[in-house]
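Each chain, letter by letter, is given below.
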Amino acid sequence: MNNTLISCKNLCSSYEGFKAVDDVSFEVNEGDYLCIVGDNGSGKSTLLKTILKLKTPSGGSITYNNLKADDIGYVSQAKDYMNNFPASVFEVVLTGLLGSKFKLLYTKNDKKIAMEKLELLGMEDFKSKSFNNLSGGQKQRVLLARALCKTKKIIVLDEPTTGIDKETTKILYFIVELLNKQGVTIITVSHDLENCLKDANKILHMKQKCLFYGTKEEYLNSEIGKEYLK
Ligand code: ADP
Ligand code: MG
């Protein structure tokens, strides 16, 4: 039996009447690695923001099973975060443990968890460095460590490697795949078909509407998949 974590049914998400996401249905099961593809402006980021409850659906439904929206870790588009983030790497990772609670002091256990995640991402040597001074790929690793502090159930990534060099991109996807093998459910938007498609088990191809949703194998054999991957 597949354990469904997120189920979207006829989901719509709009900006002032414009349906950026239009009638999209899919499921995310425990252990899935879902890759969302589609041209620029096809509604991929809007879909993620709606799943993350950063945006309210304008139609349809999202059901969370054994999962609160809070249980979802989020790594935003590489270009999205502020470049002026005056904090150390360790402090940035620790903020992943804030959740919705306001707290001034972190516990010993918080710090232990944050350190474990930094080690997992191979960034422990950068602990005291300023986040601002890291390279794009290093920043994404730190933000992935931060997301893992929040949850190890499900991680959502939105074009995590845009603007990042080839070698670092490979490393990031290697880490994401490793997390998936350890049981973390992955939802990622990616243009990097070479790295991302290799590891994904499901594909959602969007153009406001859902052009394709199914297994990777089905996608690779479909007309739309063949056309997109040409
Ligand atoms: P993608 O991530 O696939 O590139 P987006 O979800 O960012 O697509 O955008 C989908 C559509 O919604 C685009 O036409 C975009 O211009 C529009 N859009 C995105 N964000 C906003 C916003 N904050 N206000 C109005 N329109 C938006
Ligand atoms: Mg986007």
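Read on for an overview of the structure. (Residues numbered from 1 in each chain as written. Chains lettered and ligands numbered in written order. Predicted model: local features only at pLDDT ≥ 70, side-chain atom pairs only at ≥ 80, totals over all residues. Heavy atoms only, no water.)

Before going further, it helps to examine the pattern of salt bridges. Scanning the entire structure with this criterion turns up 8 salt bridges. Where lysine 181 meets glutamate 177, a salt bridge forms, and the shortest distance between an N and an O atom there is 2.9 Å. Of this pair, lysine 181 and glutamate 177 are both found in helix α5 (residues 166-181), 4 residues apart, which corresponds to roughly one turn of the helix. In this structure glutamate 177 comes out as buried when scored by relative accessible area, which is 18%. Of the charged contacts, one joins lysine 230 and glutamate 227 as a salt bridge, the two residues approaching to 3.3 Å between their closest N and O atoms. The structure contains a network of salt bridges with shared partners spanning Lys19, Asp22 and Lys209. (Salt bridge = Lys/Arg side-chain N within 4 Å of Asp/Glu carboxyl O. Helix = DSSP H or I, 4+ residues; strand = E, 2+ residues; numbered from the N terminus. Buried < 20%, exposed > 50% of the residue type's maximum accessible area, 1.4 Å probe, protein only.)

One pass over the full model with this rule turns up 2 aromatic pairs. Its guanidinium or amino end placed over the ring of phenylalanine 90, lysine 127 lies 4.7 Å from that ring's centre, counting from NZ or CZ. (Phe/Tyr/Trp six-rings, centres within 6.5 Å; stacked < 30°, edge-to-face > 60°. Lys NZ or Arg CZ within 6 Å of the ring centre and 35° of its normal.)

Neighbouring ligand 1 are Tyr15, Phe18, Ala20, Asp39, Asn40, Gly41, Ser42, Gly43, Lys44, Ser45 and Thr46. At 3.4 Å from a nitrogen atom of ligand 1 is found a side-chain nitrogen or oxygen belonging to tyrosine 15. Between ligand 1 and serine 45, the relevant distance is 2.9 Å, taken from an oxygen atom to a side-chain nitrogen or oxygen of the residue. Starting from 550 Å² of accessible surface for ligand 1 in isolation, the protein chains cover 57%. At 3 residues, helix α1 (residues 44-51) tops the list of elements feeding residues into the shell around ligand 1. The residue makeup of the shell around ligand 1, split by class, is 3 nonpolar, 6 polar and 2 charged. (Near = heavy atom within 4 Å. Polar contact = N/O pair within 3.5 Å; in protein donor to acceptor, adjacent residues only side chain to side chain. Areas by Shrake-Rupley, 256 points an atom, 1.4 Å probe, with all protein chains shown as cover. Nonpolar A, V, L, I, M, F, W, Y, C, P; charged D, E, K, R; others polar.)

This next bit is on α5. Here α5 contains 16 residues, and its C-alpha end-to-end distance of 23 Å stays within 8% of the 22 Å for a straight helix at 1.5 Å per residue. Where α5 is concerned, the buried positions are Thr168, Thr169, Leu172, Tyr173, Ile175, Val176, Glu177, Leu179 and Asn180. Capping the start of α5 is the job of one residue whose side-chain oxygen sits 3.2 Å from the backbone nitrogen of glutamate 167: aspartate 165. Looking one or two residues beyond α5, the residue adopting positive phi is glycine 183, at roughly 105°. (Expected span 1.5 Å × (residues − 1).)

As a further point, take the sheet that holds strand β4 (residues 59-64). The strand order across the open sheet formed by 3 strands is β2-β1-β4, and the pairing between neighbours is antiparallel. On the outer flanks of this sheet lie β2 (18-29) and β4, each paired with one strand and no other. Direction aside, neighbouring strands of the sheet carry axes that sit 15° apart on average. Of the strand pairs in this sheet, strand β1 (residues 4-15) and β2 are connected by 8 bridges, and their pairing is antiparallel. (Pairing = 2+ DSSP bridges. Axes fitted to C-alpha atoms, helices over the stretch in contact; angles between N-to-C directions.)

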